[in-house]
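# Descriptive analysis of the structure
Residue strings, one per chain:
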Amino acid sequence: DRIITKPDTILFSPINRFDILPKDNKFAIARIDGQDIVKLETIASQLLVYKTTDLFVLDVSAPHNPRLIQTLYGKGVSDHNHIAKSDNYMFSMNKSGVFAYDGEGVQNLLKDKLDSEFFIKNIYKADSRLLYEPKENMLFIINNYDTAPGTDIIPNAEGIANKALIINLTTGGL
């Protein structure tokens, strides 16, 4: 058998048989839409399918019968490091902002707080990481900028080696 790649299809195993993935047990989400699946996550009985542009939410409470319940256009991610999870929320980020999904709806945590151009130019990068810190209930966006060789150790050099944005989820402050 040759290996076939289908970057927009999810295979699922029979109940309690995790080592078996029958080729007929599959769920294709928005096939041939030009988006690959970047990451799968769960919240309650929902499977969140992050594609490069959009987020698809599936109800997986019924065995072998996943059902698409919501498509969140523009809420996808370009990298698996752009997703973080807490007990009650799934957080994600893309060029449009930082989002919190609670199993029902999504909100942009930067709305009316940070200019989108500033966010794209100074904070959001392809190599950024979104991290959740549960003790303080904070989100961190950390990135490593590409700078000229050596500028990260030379004081006052052009370029910035590291930047971070901290979102206090308790107060909503940045």
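Preceding block: the structure.
To start, this report covers the structure provided alongside it. Remember, predicted model here, so these are calculated numbers, not experimental data.

### A few points about the sheet that holds strand β9 (residues 97-101)
- Spatially, four strands are ordered β7-β8-β9-β10 in an open sheet, and the strand pairing comes out antiparallel. In this open sheet, the two strands that pair with only one neighbour each are β7 (83-85) and β10 (106-108). For this sheet the average axis-to-axis angle between neighbouring strands, irrespective of direction, equals 20 degrees.

### Brief notes about the packing of aromatic side chains
- Evaluation of the coordinates by the stated rule reveals three aromatic pairs.
- Here the aromatic rings of tyrosine 89 and phenylalanine 91 are separated by 5.8 Å at their centres, their planes lie at 25 degrees, and the arrangement is stacked.
- Note on phenylalanine 119 and tyrosine 124: the rings are 6.0 Å apart at their centroids and 40 degrees apart in plane angle, and the pair reads as tilted.
- The exposure class of phenylalanine 119 is buried, given its relative accessible area of 2%.
- Linked through ring pairs, Tyr89, Phe91 and Tyr132 together constitute an aromatic cluster.

### Let's talk about the environment of lysine 23
- Along the chain, lysine 23 turns up in the loop between β1 (9-11) and β2 (26-28).
- Overall, lysine 23 belongs to the exposed group, its relative accessible area being 69%.
- The spatial distance from the C-alpha of lysine 23 to the C-alpha of leucine 11 is 7.1 Å, given a sequence separation of twelve residues.

### Considering empty space enclosed by the protein
- All told, the structure shown has one cavity of 30 Å³ or more when counted by the stated rule.
- Its volume calculated, the largest cavity comes out at about 40 Å³.
- Forming the boundary of the largest cavity are Tyr50, Leu55, Leu72, Lys75, Met90, Ser92, Phe99, Ala100, Tyr101 and Val106.
- Looking at the lining of the largest cavity, the elements that each hand over two or more residues are β8 (90-94) and β9.
- At three residues, β9 tops the list of elements feeding residues into the lining of the largest cavity.
- The class makeup of the residues in the lining of the largest cavity is eight nonpolar, one polar and one charged.

### Quick look at the sheet that holds strand β4 (residues 46-51)
- What the four strands build is an open sheet, ordered β3-β4-β5-β6; its pairing is antiparallel. Either end of the sheet is taken by a strand with one partner, and the two such strands are β3 (37-43) and β6 (67-72). Averaged over all adjacent pairs, the angle separating strand axes in this sheet is 20 degrees, with direction ignored.
- Pairing of β3 with β4, which is carried by six bridges, proceeds in the antiparallel orientation. Within β4, the residue paired with isoleucine 43 across the bridge is glutamine 46.

### What to know about the environment of lysine 113
- Examined against the element boundaries, lysine 113 turns out to sit in the loop between β10 and α1 (116-123).
- Classification of lysine 113 by relative accessible area gives partly exposed; the value is 44%.
- It is 7.8 Å that separates the C-alpha atoms of lysine 113 and leucine 174, two residues lying 61 residues apart in sequence.
- Lysine 113 has contacts with Gly172 and Leu174, leaving out every residue within four places of it along the chain.
- Looking at lysine 113, its side chain comes within polar contact range of the main-chain oxygen of glycine 172, at 2.6 Å.

Rules and cut-offs
Residues numbered from 1 in each chain as written. Predicted model: local features only at pLDDT ≥ 70, side-chain atom pairs only at ≥ 80, totals over all residues. Heavy atoms only, no water. Pairing = 2+ DSSP bridges. Helix = DSSP H or I, 4+ residues; strand = E, 2+ residues; numbered from the N terminus. Axes fitted to C-alpha atoms, helices over the stretch in contact; angles between N-to-C directions. Phe/Tyr/Trp six-rings, centres within 6.5 Å; stacked < 30°, edge-to-face > 60°. Buried < 20%, exposed > 50% of the residue type's maximum accessible area, 1.4 Å probe, protein only. 1 Å grid on protein atoms, 1.4 Å probe; cavity = no way out; pocket = protein on both sides within 12 Å on 5 of 7 lines; lining within 4 Å. Points joined across faces, edges and corners; volume = space filled by probe spheres on them. Nonpolar A, V, L, I, M, F, W, Y, C, P; charged D, E, K, R; others polar. Contact = heavy atoms within 4.5 Å. Polar contact = N/O pair within 3.5 Å; in protein donor to acceptor, adjacent residues only side chain to side chain.

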